[in-house]
Each structure stands twice: as C-alpha cells, then as structure tokens.
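Close look at the chain arrangement
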Amino acid sequence: MIDSPADFETPILEMRDIVKSFPGVKALKGVSLELRSGEALGLIGENGAGKSTLIKALGGVHLPDSGDIRLAGREVSLRSPSISQSEGIAIIHQEFSLAPNLNSRENLFLGKEKTQYGFIDYRSEEEQARILFESLGMKIDLDRRCCDLTVAEQQTVEIARALASDARIIVMDEPTAALSQQEVDKLLAIIEDLKRKGIAIIYISHRLEEVLSLADRITVLRDGETVAEETNVSGVSKKQLIEWMVGRSLDEEFPKRNPTIGPVRLSVKGLSRGQAVQNANFDLRGGEVLGIAGLVGSGRTELARLLFGADKADTGSVTLDGEAVEFENPRYAIERGICLLTEDRKEQGLILVHSAVENFGLPNLKVFVRNVLLDQGKERTAFEAYVDSLKIKVSSVSQQVGNLSGGNQQKVVLAKWLQRNADILIFDEPTRGIDVGAKYEIYLLINQLVAAGKSVLLISSELSEVIGMSDRILVMREGRIQGEIENGQGTTQEAILSMALDT
Amino acid sequence: MKIFGITKIRLGDYGMVLALLALCVLFSLLTLKRQSGDGFQAVAELINVIENKLPKEQVVLVVGAVNTDSAALAEAVYAEAREKGFERTRLLVGSPRDLRLVLDELIEEEAFLGGIVTGGDAAKWLVWDQIGQNYPAFAGVRIATPSERLWPDFLKASNLLAIVERIVVIAIIAIGMTLVIITAGIDLSVGSLIALSAVISASVVQILGGPEASGWVVALGFLSGILSCGLIGLMAGGLVSRFKLPAFIVTLGVMMMARGLAFMTTGGFSIDQVPDSFVWLAQGRLAGIPNTVLLLLVIYGAAHVFMTRTRYGRYIYAVGGNAEAARLTGVPVGAVVALVYTVSGLAAGLGGCLQASLVRAAAPNMANMYELYVIAAVVVGGTSLSGGSGKVLGTLIGAFIIAVIQNGMNLLGIQSYTQMFTLGGVIVIAVLLDKARQSGGIRQFLAGN
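Rules of the game
Residues numbered from 1 in each chain as written. Chains lettered and ligands numbered in written order. Predicted model: local features only at pLDDT ≥ 70, side-chain atom pairs only at ≥ 80, totals over all residues. Heavy atoms only, no water. Helix = DSSP H or I, 4+ residues; strand = E, 2+ residues; numbered from the N terminus. Rg over C-alpha atoms; globule rule 2.2 N^0.38 Å. Buried < 20%, exposed > 50% of the residue type's maximum accessible area, 1.4 Å probe, protein only. Contact = heavy atoms within 4.5 Å. Areas by Shrake-Rupley, 256 points an atom, 1.4 Å probe, with all protein chains shown as cover. Lys, Arg positive; Asp, Glu negative; His and termini not counted. Charge placed at Lys NZ, Arg CZ, Asp CG, Glu CD. Domains from an automatic or database assignment. Buried area = accessible area lost by both parts, 1.4 Å probe. Salt bridge = Lys/Arg side-chain N within 4 Å of Asp/Glu carboxyl O. Nonpolar A, V, L, I, M, F, W, Y, C, P; charged D, E, K, R; others polar. Phe/Tyr/Trp six-rings, centres within 6.5 Å; stacked < 30°, edge-to-face > 60°. Lys NZ or Arg CZ within 6 Å of the ring centre and 35° of its normal. Pairing = 2+ DSSP bridges. Axes fitted to C-alpha atoms, helices over the stretch in contact; angles between N-to-C directions. pLDDT = per-residue confidence, 0-100. Core = buried A, V, L, I, M, F, W, Y, C linked by side-chain atoms within 4.5 Å. 1 Å grid on protein atoms, 1.4 Å probe; cavity = no way out; pocket = protein on both sides within 12 Å on 5 of 7 lines; lining within 4 Å. Points joined across faces, edges and corners; volume = space filled by probe spheres on them. Patch = residues over 30% accessible without salt bridge, like charges linked within 9 Å, V, L, I, M, F, W, Y side chains within 5 Å. Parallel < 35°, antiparallel > 145°, perpendicular 65-115°, else oblique. Left-handed = near helix turned anticlockwise from the far one by under 90°.

**Observations concerning the overall build of chain A**
Helix and strand counts for chain A stand at 18 helices and 24 strands. The C-alpha radius of gyration of chain A comes to 24 Å, within 12% of the 23 Å expected for a compact globule of 503 residues. Counting only C-alpha atoms and orienting by the principal axes, one finds that chain A spans roughly 75 × 50 × 50 Å. Per-residue burial over chain A gives 55% buried out of 503 residues. For chain A, contacts bridging at least 24 residues in sequence account for 65% of all contacts bridging at least 6. Surface summary for chain A: the accessible area is close to 21,700 Å², and the carbon and sulfur share equals 46%. Here chain A contributes 58 positive and 74 negative side-chain charges, whose respective centroids are spaced 3 Å apart.

Below you can see the structure in the form of structure tokens.
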C-alpha cells in the first residue's frame, strides 16, 4: 500500500481511527472513512455526532490527537488550513466564506490572483472565471458583488473557487439547506459532473433523499464513532439510515394527529408589500396547521414577517378574532399572542452569546417582575419546567445558547413563546439544520399545540414536511399565493411543485 | 466538564479583582517606609500623652502642618482634648512661621507651655531643634509625637481618598459608557459634556449670585448642568436609534458641538467666582464619609441592581447581543438605545459638576480626552466593545485599576511620560487577557483558536 501509485484501487482519501478530544468532550472516538476519486461520499449523522469535527480535521483546523490521514496512500499531517488546501482539499461550509463586498471574479481568485509584472491580470482572470462558470452550467455576472448574488450563485462561486485551486476533494457541508428544489437539482447535476471529472466529493446533509440519490458510498457517524460504512447505496433505505443515525428504529416520519379545526382566528385580505408579497388572502383557523410551500424567494418568509409586524405592509388588512389589527412592530403582535419562530435562528431568533434562560425570559420579563425587580428564581423555575416538558438538553439553564445543538436551540425559542402564551405560532423552517430525532420531537410539539386549540402556520422548503404536517397548504410563487390545497396530507410533492413552479 | 467550566468562569470573573489587589499589594510594598503614625491610633496615643504625661494646668499646643495629614491629626487631637475638658489646649495648623508667631504670643502672655503635641509632616519641621536656642523659656518643653511605625504611603487614608477623588469623575461617567458599550455603541461626547455641564452649572451660579449664591442656587446650577447633558444624550441616542446613524459619528459630532457650546457659554474664560457650597459636592462629607465615596457607592449600587435585576437592564444586554433578534422578541430596541445615551449624558453631566466642584472652577477646556480614559476604564473592566456582555462592577474595578496605577507611579516619582506609556500598555494587556479568557484559556488563545 505504501507509496503505491494513485490508481483507482487506492483511496484518494483514507482517514483511519481519528480521535480528537476537547476539554471535557471526546468529539471523535476513532472515526474512519475512505473515498475514491470520482466518488461521492454521503456523510451523515445527527448534530453532535462529530461530522463537523471530522471535517475540521480534514480542513486542517483541528489536528487529530491520533489516527492517520492518507491522501492517495501517502500519509499527511494537515496542520493548518493552508496545508490542507495545498493538498487539494476544499471545504465549502454552510456559511459561505466569500467576501461579500467583492465581485465573483475577485472572490474566485482571492489569495491566488493571477498577475503579470506584479499587477493583476484581469483579462486572464475573467477568461478563466467564464470557463469555470460555463463548465458548471451557471451564468454569473462577474461584476456583481457577491452579496448581491443568490445563495445558489454564491455556492457556485464557492465550487468554482475550489476548482480554480485544483481541488481533488471537495467537502460540501449542508449545501442544499438554503436552496430551492430547482436549485438543488442543478447542484446535484453539477456534482455528477464533478464526479465524472474525477473529483471526489464528501457530501454532508440532513436530507437523506439527496444523499441516497447521489452518494456512491455512505458513512454514518453517531456519538463520534463510525456506525456504518455502506458501499451498496441502492440497497439502503431512508428508514435504515435513520435507524443508524439515531441508534433505534423510528416507526414513522411524521406523527399522527386527529385535527379538530376551530373557528377562523386570523383573516388576511389583500396583504401586499412591494414585489415580495402581492395580494395575499387566507384564513387561519384554531387547531389547524396551515402549511406554506414555495421556492426560496417566493415570499413565504416575507408574508410571515408582515403578519408579525416585523415589516410594514403597503396595503391590505389583517383581522384577529374578528378585530382589525395593524402591527407597527413585533411588540404589538406579541402582545396579541402572535409569535414568529424565525427561519434564521442564529441571527434572528436567539441571542447566541446569552444564556438559555435569558433568551427564554426576554419576551416574558413582565411576568417575572416583582416590585420593579426581576425575580430570577421564578424565571429559572419557569424555564426548568420547559426544559423537562420539551426535553431540552442543557448542561445548566445558564448554558450559553450558542453552544446548544440546532434542535435544542429551536426548543429554547419555542419555550419562550409558549411561556408568552402565544396562540398563533408562525414556524419558518422549524427543522432546518436539525437532526432527525429532534425533528420528530418538534413535529410532536406542533401536534400538541394545535391539539390545544392553537394555530400554526408552517413554512418549509421540505415538501414532505409540509405535506406530512399540514391540514391545508398554501403554495406561493413570486409573491403570490398560487393555490390552496384543502386536504394537506392527501396531496403529492408533484402537485405542489407544479403549482410552485408554473401555473 | 461542568466543574471545569465553572472554575474557568470564576477565574475570569474575579481576574480583574485579583489584578487590582495585586497592584495594591505591589504599590504598598514599594512605598513602605518608617513614618510617624497617623489615624485613630496616633490620636489615641497623643491624647494619652496630654491626659497623663503633661501638666494639666498648663498650655498644650497641638501643631499640624497645613494641607497635610498632620493637620487632620492635629484637628482630631485638639477636638478630643477639648471634649475631655483640657481647655488650655491650643490648636495651630500652619507653617513653621506660624509656630514662631504663636510661641512669641505665648511669651508675651507669659503663659506656661506644658508641652507640644504634633505628628506627621509637622514633626519633621526643623524649628523643633532650635526651640531651646530661640526661646530659652521653653527650653525644656516636651515635644510629643506618635511612635513611628512601618507603613506604606500608598495605604495612608489621605492617599486612598486622593485615589477616589482622582477617579470619581471617570468612574461615574464610565457607568453610562458601560451601558452604551453593552449595546454595542460608543459615546465619544462625554469628555466635552463634562466641560459643558461644568460651565453651565457655574454660569447659573454666577448669574444668580456668584460667590454669595445660596446652596439652593448651587443645587439648581448642578441640576441644570446634569439635565442639559442628559438632553443632549437623549438627542444623540435618538439620532442613533431612529435614523440608524453610526454612534461613532453622531457622538463625534456631539463631542465637537458640546465643546464649542462650552466655549460659547463662557466666551472662552473660566469661571471661579463660586460660593463654598459649590465645593461641598465633591469635597464635603456626609456623616464623616467623603461625598465622593458615598456617590460612588450609591450610584454603582443602583446601576448594578438596574443592570442585573430590572427589565430594562436585561433589554440593554439583549440589544447589544443581537438587536434584530431582540426586536423580533418584542424588545423596544429604539427606546433602549435612546435610554443608554441619555444615561451616558446624565452621567457625564454629573461628572462635570463633580469635576468643577473638585477644582472649584469651570473651564471650557477642562476634561480634554476624558472620553478615552472612560472607555479605557470600561474595557479594562471586562466589557467587550462588540456588545452584549459586560458588568457595571467590572467597570468600577477597571476605573480603580487605572487610578491605582497612576497613583502608584506618582508615589514612586515616575515621570508622567513613562506613566502615559505604562497606562497605554496596561489597557492593551487587559484587552488581550480578556480575549484569552473568552477563548477559554491562555494556551488556546496563543494557539490561535
């Protein structure tokens, strides 16, 4: 094996018994994986299973405590990100590392500018950029600043950057989390193309269907260990993957519920804001889950923000329990029992640098005030009750919320609104970036909420989730509500997609 | 892991306190020397001398050097001796020349001098050795001083009070600045607001009576200075919150405008025609405790409770941690931002009154660059400029670290240029240490993680 030439039989990447500990935690307890050129490896596992630590070891961010990494049979020590890059490893993180104020060409060659006589050679850079983007099948305006590009376009720039630096292994961490179905399909096509060029891909995703459709081999991590390495992907079911990930069998993806739909709570008429939301009309009833489907950018989030008072509507009216309401800002919406679990938990839902209990208390402080002063004991007790009932995993209630996993963060957000006694809950992508086990718990919670007569507006890019959870579904396209599907669970993804894409 | 985490937090929380204590110990050791005692013990010792060792029916002269510790000592001894019925005790607080005049008087009166009681700096006067020569009548007179002891200059009561007086203005303004910085803002205008508040309050006093003005007029003057600055802070905060202007630019503008206003108010001159009550604010005592110390305790106590135990305190942290998330959680972000700049303005206004009261004058060019010392105190106290975290009591420690370093270097006779250099270095090191604490220990920090 040693020093043998890199043929197809020698894995281009081999990680053996990788161990990495952090103070108090053993993040990786001997993880192994291998990957050949032209292959895509699906790397899956629940949050906290060790995927990101493993990728950081590969990217030269963390040096493993023990274990070896071999590239084409040659043992390497990836001591720093730059060494890792020069070995042909490119990592595309969930949060992109593009400089937002530079254009796509500048980002493409950032740090490895093409120069002539010490000056940047724009022409040759532009030419190569064009060739790269063409090969990826995307037209990207080279002069647009990256912050003005769509998520999919930014991702293409990241992939092109990896190609420009002659990467042989490209790691993609949750690449489709913020993409629409159409864009996902395009990305999958690009990945197939990269595979044909002999590039090896490590694909990390919570979306198991995608992993099953593109991966040539799958490695499943759980609690810092490799629990499965499967090369016969076509023989594996989604159910099997889930069982590997959670270490037990899950009977169903979406829990059952017997809806008892009540009277209309929220009635929306002709609500519009610029191009984002145009003439939205719908009713939301008590005890109902109303799903909103549509591509990213179809106006789902914008509609939710209008209902919540986060943005102001140009025209249109909203009535709550028969009474016309107009929310100047979220404070008034919250006072009337409407809450929004934002799509972007980290930027909008939580104050990451503060503790779980402080985040929980923030909208509820009036309740905990006694004679002007806060009763912190009361606040803590109230939160502890939710820690128990929602099964929030925290080391202590004052743990910094930024250190919690996605699912637990979402539960903290939920706890603060439940304490606030909200009865119209708008969930915007409630399970994005959340692992399977925690997803199921959140579905159960949604069912409990509507069973208690509350109303839920469920926005999601995952069509199976919208179908599985909703009583009715609104489909949005380009700011308009394109159609309404009365029997949510009886519909198909195709039916929704055809509405979301075209009339 | 839990235990480990908690120990780390503890060390971080008390790190600044330990640093301050270490500095105090260091300067105490460096300024340790044999000196004539002062304080209660010395008073008791001298009273004992008057009671038991000196002839009761004769004059006892209690001597202190003006403007030194020995004056306070002499006054205390005199007061207690009179209380105990030694009516022939006489007090002299002054210079060696004053002593000779008094001795001349005594000779004229043909009084019997039973003894002289003194201490501190006055005990070092050269005249004592020459009394026998110059005043043969008093040749054998007993001169009593408290016994010498080993005591650091740094820990003398007068020096500790000097530290408080030196830092009280900065420390009080730093409360407002802490609030502003916790919301991820900055207030550069506080230095100019000190001057503006000082000249406004002094002008009001001057117009309504000058040196003969009553205590009420002085109170009115101070109040108008404080409220004007609060109003300016409110306007700056309004600009920042309503129009989303960068706080740095807004307060930079206010800084220049306020300084200009201060000069315009007095026409460029300073005002020193003020009554004695004007000085009481910063130099007086209530129930024997200096007002400055009382003010620090009361205001810091109130600010601490406000930040940790009230709704708006929590909101201030939330706005700094993530303004958008706070808004979407129902926090009145605009009101919170306006509030912190108003508090900062009010604190600067009070600081201005104190400063004017300390120096018994108000000048439009006073407190130049104070905003930087204030920011330094906040940062050394562990508040992060990126917002969302910080403690008011940390700021108090930070202010005292700066004051103690300055005071200690003064006592050691270090040049002011060297002092400036050292202080700058301390600020940088404090921020480095704080960063290291956040990244979980010096080693991880140096490793660049």
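Read on for the rest.
**Looking at the domain arrangement of chain A**
Residue and element names in this part refer to chain A. Under the domain assignment, chain A is made up of domain 1 (13-246), domain 2 (263-337 + 423-503) and domain 3 (351-421). Computed from C-alpha coordinates alone, the two centres of domain 2 and domain 3 are separated by 26 Å. Contact with domain 2, which involves 15 residues of that partner, is made by 12 residues of domain 3. Roughly 1,100 Å² of surface becomes buried between domain 2 and domain 3 when both sides are summed, with 70% attributable to carbon and sulfur atoms. Looking only at domain 2, the three residues that lose the most surface to domain 3 are Ile-334, Glu-441 and Leu-445, adding up to 38% of its buried area. At the boundary of domain 2 with domain 3, the tally comes to 1 salt bridge. It is helix α16 (residues 436-451) that provides the largest number of residues to the side of domain 2 that touches domain 3, a total of 5 residues. For the side of domain 2 that touches domain 3, the class distribution of residues is 10 nonpolar, no polar and 5 charged.

**Some points on the packing of aromatic side chains**
In the structure shown here, the tally under the stated rule is 9 aromatic pairs over all chains. For the ring pair Phe360(A) and Phe368(A), a centre distance of 6.3 Å and an interplane angle of 40 degrees mean the geometry is tilted. Accessibility expressed as a relative area gives 0% for Phe360(A), which makes it buried. By relative accessible area, Phe368(A) is classed as buried at 2%. A centroid spacing of 5.0 Å and a plane angle of 35 degrees characterise the contact between Phe222(B) and Phe278(B), whose relative ring orientation is tilted. Placement of Phe222(B) in helix α8 (residues 215-243) and of Phe278(B) in helix α10 (residues 276-283) is noted, with a sequence separation of 56 residues between them. The exposure class of Phe222(B) is buried, given its relative accessible area of 9%. Following the ring pairs from residue to residue traces out a cluster consisting of Phe360(A), Phe368(A), Phe383(A) and Tyr386(A). Lying over the aromatic face of Tyr332(A), Arg331(A) brings its terminal NZ or CZ to 5.5 Å of the ring centre.

**Quick word on the interface of chain A and chain B**
Counting residues at the interface gives 33 residues for chain A and 25 residues for chain B. Summed over both sides, the interface of chain A with chain B buries roughly 2,400 Å², with 60% coming from carbon and sulfur. Our count for the contact surface shared by chain A and chain B stands at 2 salt bridges. A salt bridge links Glu379(A) to Arg314(B); its shortest N-O distance comes to 2.8 Å.

**Thoughts on the sheet that holds strand β15 (residues 289-294) of chain A**
Residues and elements named next belong to chain A. Strand order in the open sheet formed by 6 strands is β18-β21-β22-β15-β23-β24, and the pairing between neighbours is mixed. In the strand order of this sheet, the two ends are held by β18 (338-341) and β24 (480-485), each with one partner. Each neighbouring strand pair of the sheet contributes to a mean axis angle of 20 degrees, computed without reference to strand direction. Of the pairings in the sheet, the one linking strand β21 (residues 424-428) to strand β22 (residues 455-459) comprises 5 bridges and is parallel in character.

**Examining the confidence of the model for chain B**
Per-residue confidence for chain B averages 86 on the pLDDT scale, and 94% of its residues sit at or above 70. Across chain B, element-level confidence peaks in helix α14 (residues 333-359) of chain B with a mean pLDDT of 96 and bottoms out in helix α18 (residues 442-446) of chain B with 65.

**What to know about the pairing of strand β9 (residues 169-173) of chain A**
Residue and element names in this part refer to chain A. Extensive coverage of β9 is indicated by the burial of 5 of its 5 residues. Burial along β9 is two-sided: Ile-169, Val-171 and Asp-173 facing one way and Ile-170 and Met-172 facing the other are all buried. Taken together, the 4 bridges between strand β6 (residues 89-92) and β9 define a ladder with parallel strand orientation. Bridge pairing in β9 places Ala-90 opposite Ile-170. Bridge analysis of β9 against strand β10 (residues 200-204) gives 5 bridges, and the strand direction is parallel. Of the residues in β10, the one forming a bridge with Met-172 is Tyr-203.

**Quick notes on the nonpolar core**
Val169(B), Leu196(B), Phe278(B), Leu296(B), Val331(B), Leu354(B) and Ile401(B) are the most contacted members of the largest nonpolar core, which has 104 residues in total. If we ignore the near neighbours within four places in the chain, the residues touching Val331(B) are Arg331(A), Leu362(A), Tyr315(B), Val319(B), Ala326(B) and Val336(B). If you look at the next biggest cluster of nonpolar residues, it comprises 69 residues, including Leu350(A), Val357(A), Ile446(A) and Leu449(A).

**As for the environment of Tyr373(B)**
All names here are of chain B. Its location among the elements puts Tyr-373 in helix α15 (residues 370-380). Tyr-373 gets classed as partly exposed once you look at its relative accessible area, which sits at 29%. Sequence separation of Tyr-373 and Gly-191 is 182 residues, and the distance between their C-alpha atoms is 9.2 Å. Dropping the residues within four chain positions of it, Tyr-373 is found in contact with Ile-170, Ile-402, Gln-406 and Leu-423.

**Some details on empty space enclosed by the protein**
Residues and elements named next belong to chain A. This structure, assessed with the given rule, holds 6 cavities of 30 Å³ or more. Of the volumes computed, that of the largest cavity is approximately 180 Å³. If you trace the largest cavity, you find 18 residues lining it, with Lys-238, Ile-242, Glu-253, Val-436 and Lys-439 closest to the centre. If you list the elements that add at least two residues to the lining of the largest cavity, you get α7 (208-214), α8 (238-246), α16 and α17 (463-469). Counting residues per element, the lining of the largest cavity draws most heavily on α16, which supplies 4 residues. Per-class residue counts for the lining of the largest cavity are 8 nonpolar, 2 polar and 8 charged. A domain split of the lining of the largest cavity shows at least three residues from each of domain 1 (13-246) and domain 2 (263-337 + 423-503). A volume near 130 Å³ is recorded for the second largest cavity. As for the second largest cavity, its lining consists of Glu-174, Ala-177, His-206, Arg-207, Glu-429, Thr-431, Arg-432, Gly-433, Ile-434, Lys-439, Ser-461 and Glu-462. When grouped by side-chain class, the residues that make up the lining of the second largest cavity number 2 nonpolar, 4 polar and 6 charged.

**A look at a negative patch on the surface**
Residue and element names in this part refer to chain A. On the surface, Glu-106, Glu-113, Asp-141 and Asp-143 cluster together to form a negatively charged patch. Its place among the elements puts Glu-106 in helix α3 (residues 104-108). Classification of Glu-106 by relative accessible area gives partly exposed; the value is 30%.

**Remarks on the packing of helix α4 (residues 96-109) of chain B against helix α5 (residues 127-134) of chain B**
Residue and element names in this part refer to chain B. Where α4 meets α5, the closest approach of the two axes is 12 Å, and the angle between their N-to-C directions is 30 degrees. One way to sum up the angle between α4 and α5 is to call them roughly parallel. When you trace α4 past α5, the crossing you get is right-handed. Contacts between α4 and α5 pair Pro-96, Leu-99, Arg-100 and Leu-103 from the former with Val-127, Trp-128 and Ile-131 from the latter. Per-class residue counts for the contact of α4 with α5 are 6 nonpolar, no polar and 1 charged.

**Comments concerning the sheet that holds strand β3 (residues 89-94) of chain B**
Residues and elements named next belong to chain B. Taken together, 4 strands build an open sheet; the order of strands is β3-β2-β4-β5 and the sheet is parallel. Every interior strand has two partners, whereas the edge strands, β3 and β5 (142-144), have only one. Direction aside, neighbouring strands of the sheet carry axes that sit 20 degrees apart on average. Strand direction decides the pairing type here: strand β2 (residues 59-65) and strand β4 (residues 113-118), joined by 5 bridges, are parallel. Directly across from Val-62, in β4, lies its bridge partner Val-117. Set on the sheet, α4 makes contact with β2, β3 and β4; between it and β3 the angle comes to about 150 degrees.

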